[in-house]
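Observations on chain architecture
In case you want the letters, here they are:
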Amino acid sequence: MNDSACKACVGAWPRSDHFIADCRLTRAYLHEDQFFPGWTVLVLKRHATELFHLSRDERSSLIEEVSVVAGVLAEEWRAVKINYELLGNQLPHIHWHLIPRLAQDPAPLEPVWRITHEPTRLAPDTLTSRLERLRKVWPGLMNHSPLRS
Ligand SMILES: [Zn+2]
């Protein structure tokens, strides 16, 4: 069930040109700010605002999906750490920010929200190649995980 007042439900966020792939319970997008390379957002396909609103099975599958995608991002970007952010203050629709933190991170002890920076918007050709690179690893991900229903 979708909520017509919700930006995620109506497709107003994240940007559709940043769409990576469909997972089982979520859709994956590159975040439009790539200051932290590989910053990805997983948006639940149905409207829900809290983890405790999900069924136990749905919640279990979701955390599995988040974990598998995080593993792919960690490998792709050789991340030192993945940050998992599920806030929903600004957009109350379950969406997970998965943020690879790399060796050259400007402030590795801080959450990304506290690091002042100019947003990095990818040039169209860079965006396209980054999405294609991720899609190449996504099918393997879908075949070897519970993401496939
Ligand atoms: Zn929604």
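Counting residues in each nonpolar core, the largest one holds 26 residues, and the members touching the most others are Ile20, Leu42, Leu62, Leu98 and Trp138. When residues no more than four places from it in sequence are discounted, the contact partners of tryptophan 138 are Ile20, Ala21, Asp22, Cys23, Ala28 and Val69. By size, the runner-up hydrophobic cluster in this structure holds 14 residues, among which are Cys6, Cys9, Val112 and Ile115.

By convention here, two paired aromatic rings are described through the distance between centres and the angle between planes. Applying the stated rule across the entire model yields 4 aromatic pairs. Judged by centre distance (5.5 Å) and plane angle (70°), the ring pair of phenylalanine 19 and tyrosine 29 falls under edge-to-face. With phenylalanine 19 in strand β1 (residues 19-22) and tyrosine 29 in strand β2 (residues 26-30), this residue pair connects regions lying 10 residues apart in the sequence. Overall, phenylalanine 19 belongs to the partly exposed group, its relative accessible area being 25%. For tyrosine 29, a relative accessible area of 13% puts it in the buried group. Here the aromatic cluster, defined as three or more aromatic residues joined through ring pairs, consists of Phe35, Phe36, Trp39 and Trp113. When the ring centre of tryptophan 77 is taken as origin, the NZ or CZ atom of arginine 133, which lies over that ring, is 5.2 Å away.

Cis geometry marks the peptide bond from tryptophan 13 to proline 14; its omega dihedral reads -10°. Tracing the backbone through its elements, the reader meets proline 14 in the segment before β1. Backbone geometry at arginine 78 places phi at a positive 50°, although glycine is not the residue there. Take arginine 78: its relative accessible area is 72%, and that puts it in the exposed class.

The rules behind each value
Residues numbered from 1 in each chain as written. Predicted model: local features only at pLDDT ≥ 70, side-chain atom pairs only at ≥ 80, totals over all residues. Heavy atoms only, no water. Core = buried A, V, L, I, M, F, W, Y, C linked by side-chain atoms within 4.5 Å. Buried < 20%, exposed > 50% of the residue type's maximum accessible area, 1.4 Å probe, protein only. Contact = heavy atoms within 4.5 Å. Phe/Tyr/Trp six-rings, centres within 6.5 Å; stacked < 30°, edge-to-face > 60°. Helix = DSSP H or I, 4+ residues; strand = E, 2+ residues; numbered from the N terminus. Lys NZ or Arg CZ within 6 Å of the ring centre and 35° of its normal.

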